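Here are the chains, one letter per residue:
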Amino acid sequence: MWDYTDKVREHFLNPKNVGEIPDADAVGEVGSLACGDALKLYLKLDENKERIVDAKFQTFGCASAIASSSALTEIIKGKTLDEALDVSNQEIAEFLGGLPEEKMHCSVMGQEALEVAIAKYRGGPVPGHDHDHLHPEMEGEIVCKCFGITDQFLKKVISDNKLHTAEQVTHFTKAGGGCGGCIPQINELIAEVMGDQPKEERKRPEKLTNLRKMQLIQDILEKEVRPLLWADGGDLELIDIAGSTVQIAFRKACAGCVSSGHTAKFVEQKLREFVAEDIVVEEVEG
Amino acid sequence: MKEIYFDNNATTKVDEAVFEEIRPYFCELYGNPSSMHFFGGQVQRKIDEARNRTAALLGALPEEIIFTACGTESDNAAIRSALEIFPEKRHIITTRVEHPAVLTLCRNLSKRGYRVTELTVDGDGNLDLDELRAVVDDDTAIVSIMHANNETGVIFPIEKIGAIVKEKGALFHTDAVQAVGKVPMNMASSTVDMLALSGHKLHAPKGIGAMYLRKGVPFRPFMVGGHQERNRRAGTENTVGIIALGKSCELAGHYLAEENSRVKALRDRLEAEILRLIPNVRVNGGGAERLPNTTSVAFEFVEGEAILLLLSEKGICASSGSACTSGSLEPSHVLRAMGVPFTCAHGSIRFSLSRFSTDEEVDAIIGELPPIIQRLRELSPFGREFLQK
């Protein structure tokens with residue numbers, strides 16, 4: 001059982017400000033049914049369109065998602081839009097007396113919805129963390145394809161919450177919690193944001209004989225690629241290598257997976273990084 | 001608050017008769033069964049009795065029973081032994097819906113160079129035996145396929161599977177932790193080589209399990225040390241656990257018919273009423289043959305952890321295949337393997353009954369559940385859209 005605080009329990013069992021505001025000035029929506037949680041936030045402003053006079057929410061999600069939404073609406077009522085934008089996810093978590101680390105993404109979702117609502121109201125670009133997959137108006141590059149999360153958003157959460165491990169990033173944002181394919185990228189973002197030196201990395205060799213190249217491709221697939229696929233019950237098999245074309249077939253959970261195209265790209269990216277720049281990965285039946 | 005315990009696939013109440021059976025073996029009859037003196041000998045005789053009782057429930061010979069610490073140990077012992085017996089064979093077959101006791105082990109072995117095939121299931125959770133036929137080969141050391149699924153209760157056709165496996169000379173192991181005591185078994189006429197069972201799923205305490213090992217099937221123990229269990233599982237016997245398991249197996253044989261009649265009728269009524277009273281619900285594995293005590297129901301537009309906690313407020317104990325209860329971010333591997341639609345995979349709740357479940361308890365759940373689902377749907381942006389339609 002989760003170790004929820006009494007405050008979380010109270011805001012889950014008797015959430016404040018549930019519902020819609022039909023003539024809301026601002027509405028922000030994040031998450032989806034597929035992701036397992038979603039929040040729709042409604043804001044009503046005063047006549048100067050400056051201060052939040054009412055806030056309501058609808059949430060699909062677990063107890064901490066519901067409690068975080070309730071806390072968010074309580075915190076922002078009476079604040080100006082600029083003051084509201086300063087509300088951090090930590091503030092939401094603190095209001096609730098803390099959240100289990102695995103549930104911190106619930107507080108982040110609250111803060112996201114608020115940012116989206118205000119950005120939409122002000123007509124600027126919508127912050128790049130609408131979980132709605134591949135939204136065109138989104139800022140930044142998608143890192144986590146499973147949950148549709150961008151680098152810009154991840155960098156902000158890493159920096160705001162001083163996160164040091166990919167596991168923490170998953171707890172706070174869900175990124176990396178699906179297929180796990182983006183965990184290396186998350187580590188790179190952590191290194192970039194937190195100023196850590198990237199770990200000792202393999203270097204791409206200058207020149208390769210054909211034999212050495214084939215060995216290296218096999219080695220990278222075994223050591224760098226397949227363990228990541230195994231983590232989600234997937235796998236791949238190396239079918240053939242012809243020059244710089246590497247033919248692979250997906251196995252188990254990867255076979256028929258809707259994101260196998262992304263996975264093939266990921267494999268290609270890895271091989272280009274460690275073996276040679278001109279590698280092309282082809283998915284074949286086999 | 002009196003609990004309404006409908007989470008018997010997680011663990012069960014120790015039967016009072018089991019507790020009475022083991023009571024003297026803590027402070028009075030505490031001898032070591034290996035000792036030469038009368039004081040240990042009387043415990044040894046009680047262990048023999050427990051072995052006979054356990055064997056009787058399975059339709060097995062007493063010497064085919066090895067007591068272990070839990071179902072997980074039995075699974076590990078069986079699979080690891082098979083790989084040692086056939087060092088030249090490098091292929092393992094299992095399913096995508098196994099309990100982690102088997103699945104995690106197989107995935108770890110695949111990282112150590114074994115070829116592991118995870119059979120898929122259809123939308124009802126059924127296996128395709130043609131897929132098994134196509135992948136089992138001379139390189140296959142062991143096929144490990146569960147008897148009944150812990151999350152959905154779906155029962156696999158163990159004897160048909162075993163017949164296919166035997167043709168290729170591989171060993172067949174089944175994790176029967178959820179099936180023992182609910183499905184009649186007769187190892188004497190079975191194709192199963194090894195089987196895992198767990199005491200705490202059938203009203204014995206936690207910390208005791210057993211493994212069935214067919215006579216004549218070679219075995220390499222991974223616990224070595226003393227001579228206990230005929231050198232097949234070293235370590236001083238968990239005497240009270242073993243005696244408890246024996247008693248609980250005797251009782252399980254006695255109550256097997258009731259599990260499949262009265263308990264099944266309670267489950268069927270619970271399921272039918274949920275479907276009648278709450279719209280947009282599906283039964284996971286509803287089209288398959290299932291254990292008599294289990295129902296996994298998926299509620300659209302709501303999330304499982306929230307349902308569980310609201311049920312818990314009313315004293316009702318159930319479990320969920322939702323992501324949020326486990327700390328992972330995706331719904332259970334079983335529901336994903338079955339392709340349960342994403343609109344309801346996060347809202348799946350498992351109710352698992354036992355012979356202690358009553359009509360009144362079913363009534364209470366039927367009374368409490370609809371308003372809980374209604375309340376969460378009103379709270380959910382998707383649920384509201386649906387309710388307004």
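Described in the following lines is the structure provided in the data block. Keep in mind the model is a prediction, meaning the values are calculated, not measured.

1. Examining the overall build of chain A
Item 1. Helices and strands together make up the secondary structure of chain A, namely 10 helices and eight strands.
Item 2. Across its three principal directions, the C-alpha atoms of chain A cover 70 × 40 × 35 Å.
Item 3. Within the span of chain A, comprising 286 residues, buried residues form 51% of the whole.
Item 4. Nonlocal contacts in chain A, meaning residues at least 24 apart in sequence, comprise 55% of its contacts between residues at least 6 apart.
Item 5. Carbon and sulfur atoms provide 47% of the accessible area of chain A, an area that totals close to 12900 Å².

2. As for the interface of chain B and chain A
Item 1. With 33 residues of chain B at the contact, the number on the chain A side is 38 residues.
Item 2. Counting each side, the surface lost to burial between chain B and chain A is near 2900 Å², with a carbon and sulfur contribution of 63%.
Item 3. A salt bridge links B:Glu305 to A:Lys103; the nearest nitrogen and oxygen atoms lie 2.8 Å apart.
Item 4. Inspection of the region where chain B meets chain A yields eight residue pairs in polar contact (both at pLDDT 80 or more).
Item 5. Elements with a contribution of two residues or more to the side of chain B that touches chain A: helix 5 (100-111), strand 4 (115-119), helix 10 (304-313), helix 11 (323-326), helix 13 (342-345), helix 14 (359-379) and helix 15 (381-388) of chain B.
Item 6. The class makeup of the residues in the side of chain B that touches chain A is 13 nonpolar, nine polar and 11 charged.

3. Here's the deal with the nonpolar core
Item 1. By size, the foremost hydrophobic cluster in this structure holds 88 residues, and its most contacted members are A:Leu43, B:Phe299, B:Ile307 and B:Phe351.
Item 2. No other element matches the nine residues that helix 5 (residues 104-122) of chain A contributes to this core.
Item 3. Look past the residues within four positions of A:Leu43 in its chain and what remains in contact with it is A:Ile21, A:Ala24, A:Asp25, A:Ala26, A:Ile52, A:Asp54, A:Ala55, A:Ile76, A:Leu114, A:Ala117 and A:Ile118.
Item 4. One finds B:Met146, B:Ile158, B:Ala288 and B:Leu335 within the second-largest nonpolar core, a separate group that totals 65 residues.

4. Regarding the sheet that holds strand 3 (residues 52-60) of chain A
All names here are of chain A.
Item 1. Strand order in this open sheet of three strands is 1-2-3, and the pairing throughout is antiparallel. Edge positions in the open sheet fall to strand 1 (26-32) and strand 3, since each of these has one partner strand only. Between one strand axis and the next, the sheet turns by 10° as a mean value, whatever way the strands run.
Item 2. Inspection of the sheet shows strand 1 paired to strand 2 (residues 37-45) by seven bridges, in the antiparallel sense. Within strand 2, the position partnered with Gly-31 by the bridge is Ala-38.

5. Details of empty space enclosed by the protein
Residues and elements named next belong to chain B.
Item 1. Tallying each qualifying case throughout the model produces six cavities of 30 Å³ or more.
Item 2. Reported here for the largest cavity is a volume of approximately 90 Å³.
Item 3. What lines the largest cavity is a set of 14 residues, and nearest its centre among them are Lys-182, Lys-201, Leu-202, His-203 and Glu-259.
Item 4. When the residues that make up the lining of the largest cavity are grouped by side-chain class, the tally is four nonpolar, six polar and four charged.
Item 5. Each of domain 1 (4-10 + 256-388) and domain 2 (16-252) accounts for three or more of the residues forming the lining of the largest cavity.

6. Examining the packing of aromatic side chains
Item 1. The tally for this structure, following the rule as stated, stands at three aromatic pairs over all chains.
Item 2. Taken together, a centroid distance of 5.6 Å and an interplanar angle of 75° make the contact between A:Phe60 and B:Phe382 edge-to-face. Taken together, the residues A:Phe60 in strand 3 and B:Phe382 in helix 15 connect one chain to another.
Item 3. On the basis of relative accessibility, which here comes to 1%, the residue A:Phe60 falls in the buried class.
Item 4. Between B:Phe38 and B:Phe39, the aromatic rings sit 6.0 Å apart at their centres with planes inclined by 65°, giving edge-to-face as the arrangement.
Item 5. One aromatic cluster is present, built from ring pairs that chain together B:Tyr30, B:Phe38 and B:Phe39.
Item 6. The side chain of A:Lys7 reaches across the aromatic face of A:Phe95, ending 4.5 Å from its centre.
Item 7. Positioned above the aromatic ring of B:Phe86 is the side chain of B:Lys89, whose terminal nitrogen or guanidinium carbon lies 4.4 Å from the ring centre.

7. Topic: the pairing of strand 4 of chain B
Residue and element names in this part refer to chain B.
Item 1. Most of strand 4 is tucked away, with four of its five residues classed as buried.
Item 2. By the bridge criterion, five bridges tie strand 3 (residues 91-95) to strand 4 in an arrangement that is parallel. By the bridge assignment, Thr-94 is partnered in strand 4 with Glu-118.
Item 3. Note on the crossover from strand 3 through helix 5 to strand 4: the handedness is right-handed.

8. Section: the environment of B:Val224
Item 1. One can find B:Val224 in the loop between strand 8 (209-213) and helix 8 (228-231).
Item 2. A relative accessible area of 66% places B:Val224 in the exposed class.

9. With respect to the sheet that holds strand 12 (residues 319-320) of chain B
Within a sheet, adjacent strands bond to each other through the backbone by hydrogen bonds, running parallel or antiparallel.
Residues and elements named next belong to chain B.
Item 1. Spatially, 9-10-13-12 is the arrangement adopted by the four strands of the open sheet, whose pairing is antiparallel. What marks the edges here is a single partner per strand, and that holds for strand 9 (281-283) and strand 12.
Item 2. Here three bridges tie strand 9 to strand 10 (residues 294-299), and the two strands are oriented antiparallel to one another. When the sheet's bridge partners are listed, Val-281 is paired in strand 10 with Phe-299.

10. Focus: the pattern of salt bridges
Residues and elements named next belong to chain B.
Item 1. All told, the structure shown has 44 salt bridges over all chains when counted by the stated rule.
Item 2. Its salt-bridge partner being Lys-13, residue Glu-16 comes within 3.4 Å of it at the nearest N-O pair.
Item 3. According to the relative accessible area criterion, Glu-16 is exposed, its value standing at 53%.
Item 4. A relative accessible area of 38% means that Lys-13 is categorised as partly exposed.
Item 5. Glu-273 serves as the salt-bridge partner of Arg-276, at 2.9 Å between the closest nitrogen and oxygen. Placement of the pair is Arg-276 and Glu-273 together in helix 9 (residues 239-277), with a separation of three residues, close to one helical turn.

11. Comments concerning the environment of A:Val280
All names here are of chain A.
Item 1. Position of Val-280 relative to the elements: it lies in strand 8 (residues 280-283).
Item 2. Here the alpha-carbon distance between Val-280 and Ala-264, two residues 16 residues apart in the chain, equals 9.8 Å.
Item 3. When near neighbours in sequence (up to four residues on either side) are disregarded, Val-280 contacts Ser-244, Thr-245, Val-246, Glu-268 and Arg-272.

12. Side note on the packing of helix 1 (residues 6-13) of chain A against helix 2 (residues 63-76) of chain A
All names here are of chain A.
Item 1. Axis separation between helix 1 and helix 2 bottoms out at 8 Å; the angle between their running directions is 85°. Taken together, helix 1 and helix 2 sit at an angle that is classed as roughly perpendicular. Contact residues: Val-8, His-11 and Phe-12 in helix 1; Ala-63, Ser-64, Ile-66, Ala-67, Ser-70, Ala-71 and Glu-74 in helix 2.
Item 2. Its residues assigned to classes, the contact of helix 1 with helix 2 shows six nonpolar, three polar and one charged.

13. As for the packing of helix 5 of chain A against helix 7 (residues 166-173) of chain A
Residue and element names in this part refer to chain A.
Item 1. Contact geometry for helix 5 and helix 7: axes closest at 5 Å, N-to-C directions at 55°. Judged by the inter-axis angle, helix 5 sits oblique to helix 7. Across from Met-104, His-105 and Val-108 in helix 5, the residues of helix 7 making contact are His-171, Phe-172 and Thr-173.
Item 2. Among the residues forming the contact of helix 5 with helix 7, the class breakdown is three nonpolar, three polar and no charged.

Cut-offs used in this document
Residues numbered from 1 in each chain as written. Chains lettered and ligands numbered in written order. Predicted model: local features only at pLDDT ≥ 70, side-chain atom pairs only at ≥ 80, totals over all residues. Heavy atoms only, no water. Helix = DSSP H or I, 4+ residues; strand = E, 2+ residues; numbered from the N terminus. Buried < 20%, exposed > 50% of the residue type's maximum accessible area, 1.4 Å probe, protein only. Contact = heavy atoms within 4.5 Å. Areas by Shrake-Rupley, 256 points an atom, 1.4 Å probe, with all protein chains shown as cover. Buried area = accessible area lost by both parts, 1.4 Å probe. Salt bridge = Lys/Arg side-chain N within 4 Å of Asp/Glu carboxyl O. Polar contact = N/O pair within 3.5 Å; in protein donor to acceptor, adjacent residues only side chain to side chain. Nonpolar A, V, L, I, M, F, W, Y, C, P; charged D, E, K, R; others polar. Core = buried A, V, L, I, M, F, W, Y, C linked by side-chain atoms within 4.5 Å. Pairing = 2+ DSSP bridges. Axes fitted to C-alpha atoms, helices over the stretch in contact; angles between N-to-C directions. 1 Å grid on protein atoms, 1.4 Å probe; cavity = no way out; pocket = protein on both sides within 12 Å on 5 of 7 lines; lining within 4 Å. Points joined across faces, edges and corners; volume = space filled by probe spheres on them. Domains from an automatic or database assignment. Phe/Tyr/Trp six-rings, centres within 6.5 Å; stacked < 30°, edge-to-face > 60°. Lys NZ or Arg CZ within 6 Å of the ring centre and 35° of its normal. Right-handed = clockwise from strand over helix to strand, strands pointing away. Parallel < 35°, antiparallel > 145°, perpendicular 65-115°, else oblique.

In short, shape yes, function no, at least from these values alone.
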